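So you can see what is in the structure, the chains are spelled out below.
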Amino acid sequence: MEKNSYKDQIVYQIYPRSFSDSQSDGVGDIKGIVDKLDYLKDLGITTIWLSPIFSSPMEDGGYDIADYYHVDSLFGTDEDLDLLLKESKKRGLKILLDLVVNHTSDKHHWFLEAKKSKDNPYHDYYVWREKPNTLKSTFGGSAWEYNAETNEYYLHLFAKGQPDLNWQNPALRNDIYKMMNYWLDKGVYGFRMDVIENIGKDPDNLITANGPTLHPILQEMAASTFAKKDSMTVGETWCSNAETRVLYTDPKRHELNMVFLFDDFSHFENPKYGKWVRKPFVMKELREIIFHRQMVEQEKSWDTLYWNNHDLPRALNRYIDLKYRGEGAKMLLAANLFMRGTPFIYQGDEIGMVNGSFRSKEEYRDIETLNAYDELKSKGLDNKSIEKAIREVSRDNARVPMQWSSKAHFGFSNGQPWLKCSDDGIAWTVEEETKNPRSVLSFYKKALLIWKDRQFRDLLKDGKFIPQYEESDCLWSYRRIHEGKTLEVIANFSNQTQKLPKIEGQIILHNYNYRLSDNLRPYEAIVIYKD
Ligand code: GLC
């Protein structure tokens, strides 16, 4: 059986709470997604990654799962999920689930049992110590929380409501594999694996990511579950880079197909305040990191091509002068899409959505954001800078409701949305952009058709990646070459006009209406093909 269909997919990430609400309760749901399947098919994507939809107290937007087998009532019913699987399949769309197994919710029955006593059969499903050490939670404060019943502390690398699972326990591992097989047998294509780098942790030695048992566990997991099928797996890894990712992705190691790297995002962090305070954006530095991923260990890694997800402020706000929002959104796609890897589109990318328009603390919902006020204050940041940091970096920026139409709340819901909609104009909605052949949405459709065209498939899958004009501070340019065919991307990643290098071949994609012979205007991007 061919087991590398993951190389032919274009993935679309849905953050279900904010995608489409069919029940008018202000929260997106599974039936809402079913209503939009034709839209997604028409957009040209082939696989949907669903952020978590399972039973959860929603302390961390569903990344705190209380039951891996049942849909949360906020999102609908188990039958709705069956319907989504069925309707997606009908349209040739595959589904990836978000596998959140570094931790559960503290309301999961395993944890409710585990905390009762040290002899409880589930006690060893979690990580307990008699005394806390200095490990910190990603969401602020100590990573240890006291449990009076057993007079011990449990580990939570994220919120207190997200106790870490003990992957050293074979019984826990088997229970997780059973659950994964349950979903694979139901027709799920694979998994996006939440903070998977943490499951081999060694907390006594303050090792959280990439711990000593991580890779043996992933090998066992693969062999017990998804490796039996033609599937897709993509791990979330904040602490890896282009060199170290091969430990996950080298096909000979039989672990995952690919990982998300974040060294491009982390590169612009301030050493004292972490991700919240950003260093000035320098395109050349970003390009170097992303091109480097394309160049090293090509035999042992397959890239994830993405700009956004539910945890990051929008790339348009990070990198683009928003006077050129439409051109910039199209350029970002062209720059990324034709590199070596599987493209991931986050909901709203295809209509050029930007960060939310939050004005005060009361408007945010994300636990990390709300905790950051105190966390940044304790690190000495003044109030004005805290406001700015949160406005620019909060994860809620990417979680604002999807902009469908000119109706109230952008047609996302007939109720009051769980998170404030952006103040954006109706020009940036699916409804308007569908009518406009020059819209970001129309450009996406055209670009995805090219990506899928048989004529370019081998070239995009197997073609060599060759960077160009690396001395330039503004051009993002590369060639892909395969069996005498060449595809070339030349993008002006700046708001200043640049001199256009000499081009040879046929222009197959262009984000401006017409070309100027000598120049590339702000964010102008062209894709050229030659055989
Ligand atoms: C991942 C998720 C993020 C979540 C965290 C804890 O980073 O993408 O949304 O808060 O893991 O599960």
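A. Representation of the packing of aromatic side chains in the model. Summed over the entire model, instances satisfying the criterion amount to 38 aromatic pairs. Ring centres 6.1 Å apart and planes at 70° place the aromatic pair Tyr12 and Phe19 in the edge-to-face group. On the accessibility criterion, Tyr12 (0% relative accessible area) is buried. A relative accessible area of 0% places Phe19 in the buried class. Above the face of the Tyr189 ring, Lys94 is positioned so that its terminal group lies 4.6 Å from the ring centre. Stacked on the ring of Trp451, the Lys or Arg Arg457 has its end atom at 3.8 Å from the ring centre.

B. Looking closely at the site of the ligand. Residues in close proximity to the ligand total 14 residues, the closest being Asp60, Asp194, Glu236, His310 and Asp311. Here an oxygen atom of the ligand sits 2.7 Å away from a polar atom, N or O, in the side chain of Asp194. Here His310 contributes a side-chain N or O atom positioned 2.9 Å from an oxygen atom of the ligand. Within the complex, 98% of the 310 Å² of free accessible area of the ligand lies under protein. With respect to the pocket detection grid, the ligand is positioned in the largest pocket.

C. Structural view of the side chain of Thr46. Looking at the secondary structure, you find Thr46 in the loop between helix 2 (37–43) and strand 2 (47–50). By relative accessible area, Thr46 is classed as buried at 14%. Those residues in contact with Thr46 that lie beyond four places of it in its chain are Asp8, Gln9, Ile10, Gly92, Leu93, Lys94 and Lys452.

D. Highlighting the side chain of Arg245. Here Arg245 shows up in the loop between strand 10 (232–236) and helix 7 (246–249). With relative accessibility at 2%, the residue Arg245 sits in the buried group. A distance of 3.2 Å separates the side chain of Arg245 from the side chain of Ser301, its partner in a polar contact.

E. Structural view of the sheet that holds strand 7 (residues 144–147). Taking strand neighbours across the sheet as the criterion, the 3 strands line up as 6-8-7 in an open arrangement whose pairing is antiparallel. Strands at the two margins of the open sheet, each flanked by one partner only, are strand 6 (128–129) and strand 7. Alignment of strand 7 against strand 8 (residues 152–155), held across 4 bridges, turns out to be antiparallel. When the bridges of strand 8 are listed, Glu145 appears paired with Tyr154.

F. Focus on a negative patch on the surface. A grouping of Glu285, Glu288, Glu470 and Glu471 is seen on the molecular surface, where their side chains present a negatively charged patch. As for its placement among the helices and strands, Glu285 is situated in helix 9 (residues 283–295). A residue is classified by how much of its surface remains accessible, and Glu285, at 32% relative accessible area, is partly exposed.

G. Spatial organisation of the layout of surface pockets. Roughly 960 Å³ of volume is contained in the largest pocket. In terms of lining, the largest pocket is formed by 36 residues, of which the most central are Thr138, Phe139, Phe158, Trp238 and Glu368. Of all elements in the fold, only helix 8 (263–266), strand 13 (274–278) and helix 12 (367–378) reach the threshold of two or more residues within the lining of the largest pocket. If one sorts the elements of the lining of the largest pocket by residue count, helix 12 sits on top with 5 residues. Of the residues belonging to the lining of the largest pocket, the class tally is 13 nonpolar, 11 polar and 12 charged. Considered as a void within the structure, the second largest pocket measures approximately 630 Å³ in volume. The wall of the second largest pocket is formed by 27 residues, among which Lys3, Tyr6, Thr249, Pro251 and Asn257 lie closest to the centre. Counted by class, the lining of the second largest pocket contains 7 nonpolar, 9 polar and 11 charged residues.

H. How the structure looks around helix 16 (residues 454–462). Buried within helix 16 we find Phe456, Arg457, Leu459, Leu460 and Lys461. The elements touched by buried residues of helix 16 are helix 15 (440–452), strand 17 (475–482), strand 18 (485–492), strand 20 (506–510) and strand 22 (525–530). A distance of 2.9 Å separates the backbone nitrogen of Gln455 from a side-chain oxygen at the start of helix 16, and that oxygen is part of Asp453.

I. Local environment of the environment of Gly28. Secondary-structure assignment places Gly28 in the loop between strand 1 (11–14) and helix 1 (30–35). Taking the C-alpha atoms as reference, Gly28 lies 34 Å from Ser224; in sequence the two are 196 residues apart. Contact partners of Gly28, with chain neighbours within four places excluded, come to Pro16, Arg17, Ser20, Asp21, Leu74, Phe75 and Phe412.

J. Region of interest: the sheet that holds strand 17. Ordered by their spatial adjacency, 5 strands build an open sheet running 16-17-18-22-20, and the pairing between neighbours is antiparallel. What marks the edges here is a single partner per strand, and that holds for strand 16 (464–468) and strand 20. Strand-to-strand, the axes of this sheet are offset by a mean angle of 20°, without reference to chain direction. Running at roughly 110° to strand 17, helix 16 makes contact with strand 16, strand 17, strand 18, strand 20 and strand 22 of the sheet.

K. Molecular detail of the pattern of salt bridges. Within the structure shown, the criterion is met by 39 salt bridges. Here Arg314 makes a salt bridge to Asp349, at a shortest N to O gap of 2.9 Å. Here Asp349 lies in the loop between strand 15 (341–346) and helix 12 and Arg314 lies in the loop between strand 14 (303–305) and helix 10 (315–319), a separation of 35 residues in the sequence. A residue is classified by how much of its surface remains accessible, and Asp349, at 9% relative accessible area, is buried.

L. How the structure looks around the pairing of strand 16. In terms of strand pairing, strand 16 meets strand 17 through 5 bridges, oriented antiparallel. Pairing of Phe465 across the sheet is with Arg480, part of strand 17.

About the criteria used
Residues numbered from 1 in each chain as written. Predicted model: local features only at pLDDT ≥ 70, side-chain atom pairs only at ≥ 80, totals over all residues. Heavy atoms only, no water. Phe/Tyr/Trp six-rings, centres within 6.5 Å; stacked < 30°, edge-to-face > 60°. Buried < 20%, exposed > 50% of the residue type's maximum accessible area, 1.4 Å probe, protein only. Lys NZ or Arg CZ within 6 Å of the ring centre and 35° of its normal. Near = heavy atom within 4 Å. Polar contact = N/O pair within 3.5 Å; in protein donor to acceptor, adjacent residues only side chain to side chain. Areas by Shrake-Rupley, 256 points an atom, 1.4 Å probe, with all protein chains shown as cover. 1 Å grid on protein atoms, 1.4 Å probe; cavity = no way out; pocket = protein on both sides within 12 Å on 5 of 7 lines; lining within 4 Å. Sits in = over half its atoms within 2 Å of the grid points. Helix = DSSP H or I, 4+ residues; strand = E, 2+ residues; numbered from the N terminus. Contact = heavy atoms within 4.5 Å. Pairing = 2+ DSSP bridges. Patch = residues over 30% accessible without salt bridge, like charges linked within 9 Å, V, L, I, M, F, W, Y side chains within 5 Å. Salt bridge = Lys/Arg side-chain N within 4 Å of Asp/Glu carboxyl O. Lys, Arg positive; Asp, Glu negative; His and termini not counted. Charge placed at Lys NZ, Arg CZ, Asp CG, Glu CD. Points joined across faces, edges and corners; volume = space filled by probe spheres on them. Nonpolar A, V, L, I, M, F, W, Y, C, P; charged D, E, K, R; others polar. Axes fitted to C-alpha atoms, helices over the stretch in contact; angles between N-to-C directions.

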